[in-house]
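What the coordinates show
What follows is the residue order along each chain.
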Amino acid sequence: MPSIELHTVIKATIETVFDLSRSIDLHKISTQQTNEEAIAGKTSGLIGLNESVTWRAKHFGIYQQLTSRITEFERPNYFVDEMETGAFQEFKHEHHFSDVNGETQMIDVFEYTSPFGIFGKLADTLFLEKYMTKLLIKRNRIVKEFAESGKWKALSK
């Protein structure tokens, strides 16, 4: 099972970074390249414990749907979203936040299992893990940009 861990330091309050990380509206902005759209469940604003969202997005030239649910939630320190249905066999995305000298340390841990057994493992090695890492890095860059610039104030809550 591949595991991707990213550390991002953001010059903003832990509450701001936490809320941006669970913002459906910011997620849409950070995934424009895949035409990601929330089509069911929580489709705007801030997602919370036991809420789900179904995304429709184009990856590798194919439109796919993926539903994830917030399964753990401790504001402003931690939340987890897990796939209920979608292209992966399973995934779990942990979001950790801590205040370090007035800045926020954001740690993402994304673990997933690809479908199709040995072929899925081959896809992980050849391209999928890199692809997922790039998506998460871009998402974190957008969270950082919005948190540090004050653009977050324009998002719905």
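Refer to the structure above for everything that follows.
A brief structural summary. Just so you know, these numbers come straight off a predicted model, no measurement behind them.

What counts and how
- The residue numbers shown here count from 1 along each chain, following its written sequence.
- pLDDT decides what is reported in this predicted model: residues at 70 or higher carry local features, side-chain atom pairs at 80 or more are listed and counted, and totals for whole chains, interfaces and linings draw on all residues regardless.
- For side-chain calculations, the full set of non-hydrogen atoms in the structure is used, while hydrogens and water are omitted.
- Each Phe, Tyr or Trp ring (for Trp, its six-membered ring) is paired with any other whose centre lies within 6.5 Å, and the angle between the two planes then decides the class: stacked below 30 degrees, edge-to-face above 60, tilted in between.
- Only runs of H or I of at least four residues qualify as helices and only runs of E of at least two qualify as strands under DSSP, and these elements are numbered from the N terminus.
- We call a charge positioned over a ring when the NZ of a Lys or the CZ of an Arg lies within 6 Å of the ring centre and within 35 degrees of the ring normal.
- Here, any two strands with at least 2 DSSP bridges between them count as paired.
- Whenever a helix is involved, its axis is fitted only over the stretch in contact; in every case the axis is a line through C-alpha atoms, and angles between N-to-C directions fall within 0 to 180 degrees.
- Two residues qualify as a contact provided that any one of their heavy atoms is within 4.5 Å of a heavy atom in the partner residue.
- By nonpolar core is meant a set of buried Ala, Val, Leu, Ile, Met, Phe, Trp, Tyr and Cys residues that side-chain atoms within 4.5 Å join together.
- When accessible area is computed with a 1.4 Å probe and restricted to protein chains, residues below 20% of their type maximum are described as buried, those above 50% as exposed, and intermediate ones as partly exposed.
- Residues enter patches when they are more than 30% accessible in relative terms and free of salt bridges; like-charged ones are connected within 9 Å and nonpolar ones (Val, Leu, Ile, Met, Phe, Trp, Tyr) within 5 Å.
- In this description, accessible areas are obtained by the Shrake-Rupley approach with a 1.4 Å probe, and a residue is regarded as covered only by the protein chains that are shown.
- Note on definitions: salt bridges are taken to be side-chain nitrogens of Lys or Arg within 4 Å of carboxyl oxygens of Asp or Glu.

Aromatic ring pairs: the centre-centre distance and the angle between the two ring planes describe each pair. Counting across every chain of the model gives eleven aromatic pairs. Ring plane angle 70 degrees and centroid distance 5.4 Å describe the contact between Phe-60 and Phe-127, whose orientation is recorded as edge-to-face. Of this pair, Phe-60 sits in the loop between strand S3 (52-59) and strand S4 (62-74) while Phe-127 sits in helix H3 (residues 117-149), placing them 67 residues apart in sequence. Three or more aromatic residues joined by ring pairs make a cluster, and in this case those are Phe-18, Phe-73, Phe-79 and Phe-97. Cation over ring: Lys-151 sits above Phe-146, and NZ or CZ is 5.3 Å from the ring centre.

Moving on: the sheet that holds strand S2 (residues 37-41). Strand order across the open sheet formed by seven strands is S1-S7-S6-S5-S4-S3-S2, with antiparallel pairing between neighbours. If you trace the sheet from one side to the other, it starts and ends with strand S1 (3-10) and S2, each paired once. Averaged over neighbouring strand pairs, the angle between their axes works out to 25 degrees when direction is ignored. Sheet strands in contact with helix H1 (residues 14-21) are S1, S4, strand S5 (78-85), strand S6 (90-100) and strand S7 (103-113), and its direction is about 165 degrees off that of S6. Of the strands in this sheet, S1, S3, S6 and S7 touch H3, which is tilted by about 20 degrees from S1.

Turning our attention to the nonpolar core. If you look at the biggest cluster of nonpolar residues, it comprises 21 residues, and the most contacted ones within it are Ile-10, Val-17, Leu-20, Leu-26, Phe-97 and Val-143. Broken down by secondary-structure element, the contributors of at least two residues to this core are H1, helix H2 (24-30), S3 and H3. When sequence neighbours within four positions are dropped, the list of residues in contact with Ile-10 reads Val-17, Glu-103, Thr-104, Met-106, Val-143, Lys-144, Ala-147 and Glu-148. If you look at the next biggest cluster of nonpolar residues, it comprises twelve residues, including Ile-4, Leu-6, Tyr-112 and Met-132.

Turning next to unusual backbone geometry. A cis amide bond, omega 0 degrees, links Arg-75 with the succeeding residue Pro-76. Unusually for a residue other than glycine, Asn-35 sits at a positive phi of about 55 degrees. Looking at the secondary structure, you find Asn-35 in the loop between H2 and S2. Look at Asn-35 and you get partly exposed, because its relative accessible area is 41%. Look at Phe-60: it is not a glycine, yet its phi comes out positive at around 55 degrees.

Together, Phe-60, Leu-122, Leu-126 and Phe-127 make up an exposed nonpolar region whose accessible area comes to about 410 Å². Owing to a relative accessible area of 39%, Phe-127 belongs among the partly exposed residues under this scheme.

Here Leu-136 is to be found in helix H3. A sequence separation of 106 residues divides Leu-136 from Ser-30, and the C-alpha atoms of the two residues are 9.2 Å apart. Setting aside its immediate chain neighbours within four residues, Leu-136 contacts Ile-4, Leu-6, His-93 and Phe-110.

In a structure, side chains of opposite charge can pair up when their charged atoms sit close to one another. Applying the stated criterion across every chain yields a total of eight salt bridges. The partner of Arg-22 in a salt bridge is Asp-19, with the nearest N and O atoms 3.0 Å apart. Comparing Arg-22 with Asp-19, the two get one shared label, buried. Notably, a salt bridge pairs Arg-75 with Asp-19, separated by 2.7 Å at the nearest N-O pair. Residue Arg-75 is found in the loop between S4 and S5, and its partner Asp-19 is found in helix H1; the two are separated by 56 residues along the sequence. Looking at Asp-19, the relative accessible area reads 11%, which means it is buried. Several salt bridges share partner residues, and in doing so they unite Asp-19, Arg-22 and Arg-75 into one network.

Purely geometric stuff here, so don't read any function into it on its own.
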